[in-house]
Amino acid sequence: MKEHILITGGAGYLGSVLCEHLLGAGYRVTVVDNLTYGQNSLFHFCANPNFDFVLGDVRDADLMQQVVEKVDVIIPLAAIVGAPACKRDPWLAKSVNFDAVQLINRLRSPQQLVLFPTTNSGYGTQSGNLYCTEETPLEPISLYGQTKTQAEQELLNSPNTITLRLATVFGMSPRMRLDLLVNHFVYAAVTDGYLVIFEKDFKRNYIHIRDVAECMLHCIQNRDKMIGRPYNAGLDAANLSKEELALTVKEHVPNFYLHFAAIGSDPDKRNYIVSNQRLREAGFEAQRSLDMGIQELLKGYRMLGRGVFKNV
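Keep in mind the model is a prediction, meaning the values are calculated, not measured.

Calculation rules
Residues numbered from 1 in each chain as written. Predicted model: local features only at pLDDT ≥ 70, side-chain atom pairs only at ≥ 80, totals over all residues. Heavy atoms only, no water. Helix = DSSP H or I, 4+ residues; strand = E, 2+ residues; numbered from the N terminus. Expected span 1.5 Å × (residues − 1). Buried < 20%, exposed > 50% of the residue type's maximum accessible area, 1.4 Å probe, protein only. Contact = heavy atoms within 4.5 Å. Pairing = 2+ DSSP bridges. Axes fitted to C-alpha atoms, helices over the stretch in contact; angles between N-to-C directions. Phe/Tyr/Trp six-rings, centres within 6.5 Å; stacked < 30°, edge-to-face > 60°. Lys NZ or Arg CZ within 6 Å of the ring centre and 35° of its normal. Core = buried A, V, L, I, M, F, W, Y, C linked by side-chain atoms within 4.5 Å. Disulfide = S-S within 2.5 Å.

Chemist: Teacher, can you tell me more about helix α5 (residues 143-156) here?
Modeler: The α-helix winds at 3.6 residues per turn, so residues separated by three or four positions along the chain end up facing the same way. For α5, with 14 residues, the first-to-last C-alpha span of 20 Å sits near the 20 Å given by 1.5 Å per residue. Buried within α5 are the following residues: Y144, G145, T147, K148, T149, A151, E152, L155 and L156. Elements that come into contact with the buried residues of α5 comprise α3 (83-88), α4 (90-107), β5 (113-119), β7 (161-166) and β11 (230-233).

Spelled out as structure tokens, the structure:
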């Protein structure tokens, strides 16, 4: 029988796509989620006998003890994601992003694999000229980056763990997120038709959401040669400045008006490019291009329809 995988926060942006991939590969999947955003992104898995759902909070020690002891692999996705959300409620961010991961690590046995997606935003304000490797010192500049970096360190100091330092994710999901940079730029192009961009030369790395899901599957299946290390997970061809990203979107939406502002600043000061060589040497390479993702988003956004607070 295939292994049993626990995903916390599995009804979220990444989790709802990851469930599809794991179930498709024959794994048993249990999701724990408190459905903070009222999402119904997992309804279509309910008919699958290998899928189960637990409504609950990842900080509930009694609940987590019950679910953790039944599984073989744990993927802690539950998080307060992004700098603005963490800044809005710092206590909540720390308790979910760090304390809950620490709880899982305490409850599990050393035989259970933990596959933890963190963020490459830990690289902070590097120059944007030199490639960051997994050996580059982490300098997170937001509470979000700090809590995820602390959780990663907690796990890497423990047995049987793999961490993925994810690039900025893009692509459609049943629980959509419009705040992620590629998703946001494309949304602005098709709804507002214009975008004002500060600090256009700041660079970032990107990866398609389905490449992330396939990467996690690869990690589970190749854990013996990957455990104990962090891996940058991004698309090598997508180490781009914000200007380059916006101009790529404009190729698909020609009437997209862009204003690169010389005055003003973006509160997100991240600026780095990333090497994904270690992951490639471990046998996985992201395949889906930025252009493929933009075309996918354009299709998806045609389905969004009228916003709940808009009259048109």
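Chemist: I would appreciate a short explanation of the sheet that holds strand β8 (residues 168-170) in the present structure.
Modeler: Pairing between the strands of a sheet comes from backbone hydrogen bonds, and it takes one of two forms, parallel or antiparallel. Read across the sheet, three strands follow the order β8-β10-β12 without closing on themselves; strand pairing throughout is mixed. If you trace the sheet from one side to the other, it starts and ends with β8 and β12 (239-241), each paired once. Between one strand axis and the next, the sheet turns by 45° as a mean value, whatever way the strands run. By the bridge criterion, three bridges tie β8 to strand β10 (residues 203-208) in an arrangement that is parallel. Directly across from T168, in β10, lies its bridge partner Y206. The sheet strands contacting helix α8 (residues 242-252) are β10 and β12, and the helix crosses β12 at an angle near 90°.

Chemist: Even after reading the chapter, I still don't get the packing of aromatic side chains, so can you show me in this structure?
Modeler: Two aromatic rings, taken as a pair, are described by how far apart their centres are and by the angle between their planes. Scanning the model with the defined rule gives three aromatic pairs in all. Aromatic side chains Y123 and Y272 sit 6.2 Å apart centroid to centroid with 70° between the ring planes, which places their arrangement in the edge-to-face category. With Y123 in the loop between β5 and β6 (131-132) and Y272 in the loop between β13 (257-261) and β14 (273-274), the pair connects residues that are 149 residues apart, well separated along the chain. Neither Y123 nor Y272 differs from the other in exposure class; each is buried. Judged by centre distance (5.3 Å) and plane angle (80°), the ring pair of Y187 and Y301 falls under edge-to-face. With Y187 in helix α6 (residues 181-191) and Y301 in helix α10 (residues 290-301), the pair connects residues that are 114 residues apart, well separated along the chain. Here Y301 falls in the buried class, since its relative accessible area comes to 9%. Here R175 stacks its cationic end above the ring of Y37, 4.4 Å away from the centre of that ring. Sitting over the ring of Y231, R278 keeps its end group 6.0 Å from the ring centre.

Chemist: Help me understand the environment of L35, please; the structure alone is not making it clear to me.
Modeler: If you trace the backbone, L35 turns up in the loop between β2 (28-33) and β3 (51-55). Taking the C-alpha atoms as reference, L35 lies 9.2 Å from D57; in sequence the two are 22 residues apart. Residues contacting L35, with those up to four places away along its chain left out, are A11, F53 and L55.

Chemist: Help me understand the nonpolar core in this model?
Modeler: Side chains of nonpolar character tend, in soluble globular proteins, to be buried together. Counting residues in each nonpolar core, the largest one holds 68 residues, and the members touching the most others are I7, L22, I75 and M216. Sort the elements by how many residues they give to this core and helix α7 (residues 209-221) lands first, with eight residues. Not counting the four nearest positions on each side in its chain, M216 is found in contact with L14, L18, I75, L77, L115, P117 and L164. If you look at the next biggest cluster of nonpolar residues, it comprises 25 residues, including V67, I80, V101 and Y144.

Chemist: Quick question: what am I supposed to make of the environment of G283 here?
Modeler: If you trace the backbone, G283 turns up in the loop between α9 (277-281) and α10. Taking the C-alpha atoms as reference points, G283 and M226, 57 residues apart in sequence, are found 10.0 Å from one another.

Chemist: Mind showing me how you'd approach the sheet that holds β7 here?
Modeler: Spatially, seven strands are ordered β3-β2-β1-β4-β5-β7-β11 in an open sheet, and the strand pairing comes out parallel. Strands at the two margins of the open sheet, each flanked by one partner only, are β3 and β11. Neighbouring strand axes in the sheet, compared pairwise and without regard to direction, differ in orientation by 20° on average. Note that β2 and β3 share five bridges and pair parallel. Counted as the bridge partner of D33 is L55 from β3. Lying on the sheet, helix α2 (residues 61-68) is in contact with β1 (4-8), β2, β3 and β4 (73-76); it crosses β1 at an angle near 155°.

Chemist: Would you mind going over the state of the cysteines with me for this structure?
Modeler: By definition, a disulfide is the covalent link that joins the sulfur atoms of two cysteine residues. This model, assessed by the stated rule, comprises zero disulfides. With no disulfide of its own, C215 has C219 as its nearest cysteine by sulfur position, at a separation of 4.3 Å.

Chemist: When you look at the pairing of β11 in this model, what are you seeing that I'm missing?
Modeler: Regular strands show a simple pattern: their side chains alternate between the two faces of the sheet. Across the two faces of β11 the burial is the same, with P230 and N232 and Y231 and A233 all buried. Two elements, β7 and β11, share four bridges in a ladder whose sense is parallel. Across the sheet, residue R165 finds its bridge partner in β11, namely N232.

Without other data, these values stay purely geometric and don't point to any function.
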